[in-house]
Amino acid sequence: MGSSLIIKVRLCLKASKSFFYQGGSAFYTLNASVRKTSQLPFAARFLCTRHNNPKPGGRPTDTGNSRQTDGQGGVRNSTVRRREEELWDGATKGGGKSAALWQRPSSHKSVFAAGTAKRTAEMLKRKTSAVSQDEERHGGEPEGRTPRGAAKVQPPTRPLSAAEWRTLKESLGNHPRFDIQMMCVLFTRGAELDIAKSLLTFAAMETGTLSYELLLRYLTLCVSGGHNAEVFDVYDIMRGNFPSLETGASSLFIKSFCRTEKWQEALVILGELKKVFTPSPRNYGDIIAAALLNGDATTAWALYDEVMEKGLSPHPETWNALFKGARKTEDEGGKEAEAMSQSEQQERLLKVLLYMRNNQIYPQHGLANTIKTWFESLTGQSWTGRWASASPKGVCGGCGSGLESIQLTAGEYQQLKDRVMTDIIQGRDVFNKTTPEELEMFKVFVERKPAFDVVVDGLNVANISKDKGRQSEMLLTVVSELERQGLTVLVLGRKHMLRPSRSWDRHNMKLLQQKAHCFFTDNISEDDPFLLYAALQSGNHCRFVSRDLMRDHKACLPDGATRRLFFKWQRGHQLVVDGHVAAGRRVRFQSIPSYDTIIQTSAGSWHVPYDDTEDRCTYEVPQRWLCLTTNH
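Residues numbered from 1 in each chain as written. Predicted model: local features only at pLDDT ≥ 70, side-chain atom pairs only at ≥ 80, totals over all residues. Heavy atoms only, no water.

This brings us to the sheet that holds strand β7 (residues 454–457). A sheet is described by the order of its strands in space; here five strands give the open sequence β9-β8-β7-β10-β11, paired in parallel fashion. Edge positions in the sheet fall to β9 (517–521) and β11 (574–575), since each has one partner strand and no second. Sheet topology places strand β8 (residues 489–494) next to β9; five bridges connect them, and they run parallel. Counted as the bridge partner of Arg494 is Thr521 from β9. Where helix α19 (residues 436–448) meets the sheet, it contacts β8 and β9, and its direction lies at approximately 175° from that of β9. Seen against the sheet, helix α25 (residues 560–573) touches β10 (543–545) and β11 and runs at an angle of roughly 75° to β10. (Pairing = 2+ DSSP bridges. Helix = DSSP H or I, 4+ residues; strand = E, 2+ residues; numbered from the N terminus. Contact = heavy atoms within 4.5 Å. Axes fitted to C-alpha atoms, helices over the stretch in contact; angles between N-to-C directions.)

Following this line, the structure appears as C-alpha cells:
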C-alpha cells in the first residue's frame, strides 16, 4: 500500500451473497502484488474476511458494488452517531427588597462562574486526600481504545519479519486476537506506519485472512497519522471486497478524503450514508471545511443548511471553517465571490451567531478569535474587536455599554411559571415526591401568606455544617441574616426537624419559626417542587437559598428554550452561602450577576461570551467577552 506496498484486489471465491448475509465464514481471495522491501515478501496471497458484527462497527452502508445489507434496522441514529464518534475520538484521544442581600462584590465568585466546580472539587480532594490508589492502578480503558492487557505490551521499534512477529506472538501467549490488540497498541503509541504494514503482512501470511476489524484498525492508524495515500488503497480494498461499509469506516474515509484533492469523493460516501441513516454533524463538518478550503462556498452552505434542516447541532470546527471561508473569499474575490456576495455571506454568518445565542452556545477562544477577525475584515464597516470583562453591574469593559439584564421580562416569567407548574409541580411523577393532599395544603398555605422575598431550602442549608450537632444552628444563622435585612422569609423543612435531637435543637427551631414562615413536609417528600412553587408564585423579585443546582428539575422541562429560560431565572435568583458560617457573624452569599451571559447585539455592537478555560461545566457560564463595535 502507498509508495511501498500496492495491493490490487481480485475477488476469487464464488461465495454467494446470501451466504455472506447469513453470517457464514465468507472469504474472499486477494491477489497481492507487493513491491520488494527488506521487511515484506515480494508476493503474498491472503484472504479478507468480515464478521457480521465487527467489534468496532456501526451500521453498514451500501457501497453500490453489491446488494443492500441484511436489513437489520433497529439501530437508532443517535446511537450510530455516538458509536461512530467513539471510534474516531476514542482512537485519536433584580429588584425589590431582596436586592439588598449582602453578597460578595465580584460576580466571578458565583456558583455558575466557569471553573467553580473544578476548583471546588480540587479543594475537597486536597482536604480529604482519599484518592483510591487501586482505582489509579487499575482504571479500565474505554472499549474501542486499547484492549485489556494491550497497554502493557511494548510495540516493536522497527518493522518485523513474519518470523519475528510469530516469535513475539508466542511470547505473549498466542492470543487469538493478537493482531487486533497489537494494531491498537501501535496506534496508541504512535508507531511508524511501516511497522503496522509489517503486522498486516504477518496477519495475512499467518491466518490467510485479513478481517474487516483489522483493516478498520489499520485505517484508523492511517487517518490519524495523515497517511492519505494509504487510506486511498484501503478504500479500494474495502470497496471492492465488502458489500457495505459501516459508519466508522465511512467517517474515517470522509475525514481523510477531505484533506486531499479527492475531497469530492467524500460527497459520494455522504450520499451513501444518507440512504441508511442521518450522518453525524462531524461528517457534514469535514466536507463543509473541505469545500470552503477548495473555494466552493455554495456547496458548503448547502450542506450547512442540510444540517440545520435535520435538527443537528454543528461542531464548533464547522463554524470556524465558515467564518474563515467567508474571509478567504472576500480577500481573494473571483468567481466564488460573485456566486455568493459578501452581503449574503454576512447575513448567513450573523444567523450563525443568533443560533448560538438561541441555544446558549459559548464559543471557545479560537472560534471567538476567528469571529473577531471576520468582523474586522468586512469591507467598509470599520468593526473593532476587543477582549473584555463585564463589571458586576453589567457594563462591558470594552465599550462601556450595558449588557442584557438577567431578570426575566413579564412575558418570559409567566411562560416559565406556567411550564414549571405543568411539567415539574404537576408532572407525571410529582406524587412520587409528595401527596395530592400535601401539595394542596401547601398551595393554600402560600396563598394565605404575603409574597415571600426569599425561600430557604432548610435541610439543604442546614447540611452546610458538617457537624451534625450544629445543623439547626446553621439554619438559624442564615435565616437570621435574611431577617436582619428586612426580608419576608419562607423556610421549607421536614417534619423530623421539629423533633428535638442532637441535630435539631428545640430552642433554635423555636427561634427559627419566630423569624420566618415555616412549612414542614412529610419526611418522604422532596423539598424542591415546593421551593419552586413558592418562589414563582411570590413573583419575579423572590429569590431562593439552596446549593442544589436543580439539574433534575430542569431536565423535566419539555424543550431547550424553556430549559434555557429556567437556567436564566435560576442564575438571577439563586443564593448560595459563601464561605464559613459562624453564629453571631454576618453571613455572605455568592453574588448574583445583574446581566445575562449570552451572545447579544444592539445597534452597532455585538457581545460574545467565550470560553477561555477547559474547566467549565455545562451549568457554568464564561467570564470573558468579545466586544465588537463599529462606527459605520
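The structure having been displayed, the exposition proceeds.
Of all seven residues making up strand β16 (residues 624–630), six are buried, and the element is well covered by its neighbours. Relative to β16, strand β15 (residues 605–610) is paired through six bridges, and the arrangement is antiparallel. If you follow His607 over to β16, its bridge partner there is Cys627. (Buried < 20%, exposed > 50% of the residue type's maximum accessible area, 1.4 Å probe, protein only.)

Here β9 lies mainly inside the structure; four of its five residues are buried. Crossover handedness for the path β8 to helix α22 (residues 506–515) to β9: right-handed. (Right-handed = clockwise from strand over helix to strand, strands pointing away.)

Here we come to the pattern of salt bridges. Oppositely charged side chains may form a pair once their charged atoms are brought near each other. Going through the model one piece at a time under the given rule, you end up with 24 salt bridges. Across the salt bridge formed by Lys197 and Asp194, the nearest N and O atoms sit 3.9 Å from each other. You can see Lys197 and its partner Asp194 sitting in helix α7 (residues 193–207), three residues apart, about one turn around the helix. The exposure class assigned to Lys197 is buried, which follows from its relative accessible area of 4%. The class for Asp194 is partly exposed, based on a relative accessible area of 41%. Lys495 is the partner of Asp522 in a salt bridge, and the nearest nitrogen-oxygen pair spans 2.9 Å. Here Asp522 is found in the loop between β9 and α23 (528–538), whereas its partner Lys495 is found in the loop between β8 and α22, with 27 residues between them in sequence. Classification of Lys495 by relative accessible area gives partly exposed; the value is 41%. (Salt bridge = Lys/Arg side-chain N within 4 Å of Asp/Glu carboxyl O.)

What follows is about the sheet that holds β16. Overall, antiparallel pairing links the four strands, which are arranged β6-β16-β15-β14 in an open sheet. Each having just a single partner strand, β6 (383–388) and β14 (600–602) make up the two edges of the open sheet. Looking at each pair of strands side by side, their axes are set apart by 15° on average, direction ignored. Taken together, the three bridges between β14 and β15 define a ladder with antiparallel strand orientation. Looking at the pairing, Gln600 lines up with His607 of β15. Running over the sheet, helix α17 (residues 365–377) touches β6, β15 and β16 and is turned about 155° from β6.

At a minimum axis separation of 9 Å, helix α8 (residues 212–224) and helix α9 (residues 228–241) run at an interaxial angle of 155°. Between α8 and α9, the crossing angle belongs to the class labelled roughly antiparallel. Where α8 crosses over α9, the handedness of that crossing is left-handed. Residues Tyr212, Leu215, Tyr218, Leu219, Cys222 and Val223 of α8 form the contact with α9, whose participating residues are Glu230, Val231, Val234, Ile237 and Met238. Of the residues assigned to the contact of α8 with α9, the class counts are ten nonpolar, no polar and one charged. (Parallel < 35°, antiparallel > 145°, perpendicular 65-115°, else oblique. Left-handed = near helix turned anticlockwise from the far one by under 90°. Nonpolar A, V, L, I, M, F, W, Y, C, P; charged D, E, K, R; others polar.)

Next up on the list: the nonpolar core. Met183, Leu219, Met238, Phe253 and Phe375 are the most contacted members of the largest nonpolar core, which has 85 residues in total. Considering each element in turn, this core owes the most residues, nine residues, to α8. In this structure, Val420, Ile425, Leu532 and Ala534 belong to the second largest nonpolar core, which totals 30 residues. (Core = buried A, V, L, I, M, F, W, Y, C linked by side-chain atoms within 4.5 Å.)

Our focus in this paragraph is α17. For an α-helix, 3.6 residues make a turn, and residues three or four places apart therefore share a direction. With 13 residues, α17 should cover 18 Å at 1.5 Å per step; its first-to-last C-alpha distance of 18 Å lies within 8% of that length. Taken residue by residue, α17 has Leu367, Ala368, Thr370, Ile371, Lys372, Trp374 and Phe375 as its buried positions. (Expected span 1.5 Å × (residues − 1).)

Mapped onto the secondary structure, Thr477 falls in helix α21 (residues 471–484). Residue Thr477 is classed as buried on the basis of its relative accessible area of 10%. Between the C-alpha atom of Thr477 and that of Arg586, which follows or precedes it by 109 residues, the distance is 8.5 Å.

Checked against the element boundaries, Gly190 lands in the loop between α6 (178–188) and α7. Once the C-alpha coordinates of Gly190 and Leu221 are considered, the two residues, 31 residues apart in sequence, prove to be 8.3 Å apart.

Phi is positive for Ser382, close to 55°, though the residue is something other than glycine. Tracing the backbone through its elements, the reader meets Ser382 in the loop between α17 and β6. Of note, Met550 is a non-glycine position whose phi angle comes to about 60°, a positive value. Turning to its location among the elements, Met550 is positioned in the loop between β10 and α24 (551–555). On the accessibility criterion, Met550 (1% relative accessible area) is buried.

With that settled, the discussion passes to the packing of helix α5 (residues 162–171) against α7. Remark: α5 packs on α7, axes separated minimally by 9 Å, with the N-to-C direction vectors making an angle of 80°. Taken as axis vectors, α5 and α7 run roughly perpendicular relative to one another. Listed contacts from α7 to Ala162, Trp165, Arg166 and Lys169 of α5 are Ile195, Ser198, Leu199, Phe202, Met205 and Glu206. The class makeup of the residues in the contact of α5 with α7 is six nonpolar, one polar and three charged.

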